[in-house]
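# Descriptive analysis of the structure
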Amino acid sequence: QVQLVESGGGLVQAGGSLRLSCAASGRTFSPYAMGWFRQAPGKEREFVAAVTWAGGNTYYVDSVKGRFTISRDKAKTPVYLQMNNLKPEDTAVYYCAATLGFTPYVRNPPEYNYWGQGTQVTVSS
């Protein structure tokens, strides 16, 4: 079993930055891809960003392109999400997720096998 734990969330003013981290524990971990998703109150969980483990290919939802950067560290904490120029509409619980097998649908939550518990990000205007 694999456990994912997010950290780095908090309260920040609009225009500020946060860096989320996702740590993995449990059995040897070699995912096909890692992703970040978010869910705001009353809304469905939405894709934010993903990175493939071997090739480092990255994917972003249009609303965060140019502001967020996903990266991976194979030796330590698996994945980071650097969030710059945060906006109030970025307020949500952010979840880290991992998919073990190949998928062309890294933006789809059902493709992911493991999920963290989430970390709250609140952006004040």
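Summary of the structure given here. (Residues numbered from 1 in each chain as written. Predicted model: local features only at pLDDT ≥ 70, side-chain atom pairs only at ≥ 80, totals over all residues. Heavy atoms only, no water.)

### A short note on the pattern of salt bridges
Once their charged atoms are close, side chains differing in charge can pair, the charge on each being opposite to the other. Applying the stated rule across the entire model yields four salt bridges. One salt bridge connects Lys 65 with Asp 62, and the closest N-O pair in it is separated by 3.0 Å. The exposed category is assigned to Asp 62, whose relative accessible area is 60%. Among the charged side chains, a salt-bridge network with shared partners connects Arg 38, Glu 46, Arg 67 and Asp 90. (Salt bridge = Lys/Arg side-chain N within 4 Å of Asp/Glu carboxyl O. Buried < 20%, exposed > 50% of the residue type's maximum accessible area, 1.4 Å probe, protein only.)

### A word on the packing of aromatic side chains
Enumeration over the complete set of coordinates arrives at five aromatic pairs. Ring centres of Phe 37 and Phe 47 lie 5.7 Å apart, and the angle between their planes is 75°; on these two criteria the pair is classed as edge-to-face. In this pair, Phe 37 is assigned in strand E4 (residues 33-39) and Phe 47 in strand E5 (residues 46-52), connecting sequence segments 10 residues apart. Residue Phe 37 is classed as buried on the basis of its relative accessible area, which comes to 0%. Its relative accessible area of 7% is what places Phe 47 among the buried residues. Where Phe 37 meets Tyr 112, the ring centres are 5.1 Å apart and the plane angle is 80°; that geometry is what we call edge-to-face. A residue pair is termed long-range when its members are at least 10 positions apart, and Phe 37 in strand E4 and Tyr 112 in the loop between strand E9 (92-99) and strand E10 (114-115) qualify at 75 residues. Taken together, the ring pairs connect Phe 37, Phe 47, Tyr 112 and Trp 115 into an aromatic cluster. Looking at Arg 45, its charged tip hangs above the ring of Trp 115, at a distance of 4.8 Å from the centre. (Phe/Tyr/Trp six-rings, centres within 6.5 Å; stacked < 30°, edge-to-face > 60°. Helix = DSSP H or I, 4+ residues; strand = E, 2+ residues; numbered from the N terminus. Lys NZ or Arg CZ within 6 Å of the ring centre and 35° of its normal.)

### Quick notes on the sheet that holds strand E3 (residues 18-26)
The strand order across the open sheet formed by four strands is E1-E3-E8-E7, and the pairing between neighbours is antiparallel. Each end of this open sheet is capped by a strand with a single partner; those strands are strand E1 (2-7) and strand E7 (68-72). Taken pair by pair, the neighbouring strands of this sheet meet at an average axis angle of 15°, ignoring direction. Here E1 pairs with E3 via six bridges, running antiparallel. (Pairing = 2+ DSSP bridges. Axes fitted to C-alpha atoms, helices over the stretch in contact; angles between N-to-C directions.)

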